[in-house]
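# Structure at a glance
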Amino acid sequence: MIDFDKIPSPCYVMEEKLLRRNLALIKSVKERANVNIILAFKAFALWKAFPIVREYIPLSTASSKFEARLAYEEMGNWAHTYSPAYTEEDFPEIARYSSHVTFNSLSQFERFYPMTCGRGHRISCGLRINPEYSEVETELYNPCAPGSRLGVTSEALDDKLPDGVEGLHFHTLCESGPDDLHKTLDEVERRFGRFLPHVKWLNMGGGHLMTREGYDVDYLVALLRNFKRKYPNLELILEPGSAFAWRTGFLLTTVVDIVENHGIRTAIIDASFTCHMPDCLEMPYKPAIRFATDPVEGKPTYRIGGNSCLSGDYMGDWSFDKPLAIGDKLIFEDMIHYTIVKTNMFNGIPHPSIALWNKNDELTLYRTFGYEDYKNRMD
């Protein structure tokens, strides 16, 4: 049982038992399907928890030189790295910490492939392909939208890949099911099937939300095994991020004021949607609050407001069993994946603390943030 009185406010709290549950499932898919599943830092980069992750999954994927270095230093592996664009300044560090490098365009491959050769460790190079198909409805998260800058289309490639390309990489999913992957693979085969017998690996990107309740894991395993039988030359790689940290923790906040305007009551908390829960505004989606429901007539109902000066820093509405009061705790569910890596210090508002509620039902405080963290960002 979590003792909320022991947790500072605001604070992201990851629950070790829930993290291990997800990791065990992911490892079982990896072993049953005989594929590689690796952790995507863009969704979960809480490196103090990496010792737990490494017990189940030893590899990771990066999108920048900092993530690649984090993979090497804290996960203990060379990263599978992809970025929409590399620069001459950054690429040597990318190559230093990567075992696989995927290029977003033919021009990027031609420009930087020579810099991957003759290093202390071997680097396997690939191209990101765009199958021009995705079931993702929110355009902000759709990498295959018309005119997308992400990936090479089939018509841009000849019948033979450039020398040095050993793998292909696609990413079309976002919190998706195995049926969406199945449809994508059909498009990949239709548009890029001429290359599949001749490369060493196929990276299927992220968005495989296999730890979500109701996800058909058996369907995924069967799909991957059938594809592997069809192309036995291929190492299949999946790099989910959300699936690792899905429903593994919460953001604890405190009500600091209650205001009313034209009959709308707003409970202002000591955290911010725009600073600490940006996906709620970007996607957008309404998060769950523990012990609250959608509006119910006759029940105390509140809009929840953040503590930044942005007028749109709010969401609503929720109903509670009793009226809220200053000092009440509000628990925003499922706030570990993506949320922590996207926090910002707009208005100079500090990040929430970060903690682990460990398997022994004790709080391990990973990090608190202060003025120097804000000031050093501007140094």
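Residues numbered from 1 in each chain as written. Predicted model: local features only at pLDDT ≥ 70, side-chain atom pairs only at ≥ 80, totals over all residues. Heavy atoms only, no water.

## A few points about the sheet that holds strand E8 (residues 165-169)
One open sheet holds the 9 strands; their spatial order is E2-E10-E9-E8-E7-E6-E5-E4-E3, and the pairing between them is parallel. Only two strands of the sheet have a single neighbouring strand rather than two, namely strand E2 (36-37) and strand E3 (39-40). As judged from the 4 bridges shared by strand E5 (residues 79-82) and strand E6 (residues 98-103), these two strands associate in the parallel manner. Paired with His-80 across the two strands is His-100, which belongs to E6. Helix-sheet contacts for helix H7 (residues 217-230) involve strand E9 (201-203) and strand E10 (235-238), and the interaxial angle to E10 is about 150°. (Pairing = 2+ DSSP bridges. Helix = DSSP H or I, 4+ residues; strand = E, 2+ residues; numbered from the N terminus. Contact = heavy atoms within 4.5 Å. Axes fitted to C-alpha atoms, helices over the stretch in contact; angles between N-to-C directions.)

## Remarks on helix H3 (residues 65-75)
Among the residues of H3, those classed as buried are Lys-65, Glu-67, Ala-68, Leu-70, Ala-71 and Met-75. If you follow the buried residues of H3, they end up packed against helix H2 (50-54), strand E4 (60-62), E5, helix H4 (91-96) and E6. Phi turns positive one or two residues past the end of H3, at Gly-76, with a value near 75°. (Buried < 20%, exposed > 50% of the residue type's maximum accessible area, 1.4 Å probe, protein only.)

## Side note on the packing of helix H1 (residues 16-33) against H7
In contact at an axis separation of 9 Å, H1 and H7 are set at 30° when each is read in the N-to-C sense. Crossing of H1 against H7: the hand is right-handed. When H1 is examined against H7, the residues Leu-25, Val-29, Arg-32 and Ala-33 are found in contact with a partner set consisting of Val-217, Asp-218, Leu-220, Val-221, Leu-224 and Arg-225. Considered class by class, the residues forming the contact of H1 with H7 number 7 nonpolar, no polar and 3 charged. (Left-handed = near helix turned anticlockwise from the far one by under 90°. Nonpolar A, V, L, I, M, F, W, Y, C, P; charged D, E, K, R; others polar.)

## Concerning the pairing of strand E7 (residues 124-128)
Looking along a regular strand, one sees the side chains alternate between the two faces of the sheet. For E7, a buried count of 5 out of 5 residues is recorded, marking the element as mostly surrounded by other parts of the structure. Neither face of E7 is exposed, since Ser-124, Gly-126 and Arg-128 on one face and Cys-125 and Leu-127 on the opposite face are all buried. Direction of pairing for E7 relative to E8: parallel, over a ladder of 4 bridges. Along E8, the bridge assignment pairs Gly-126 with Gly-167.

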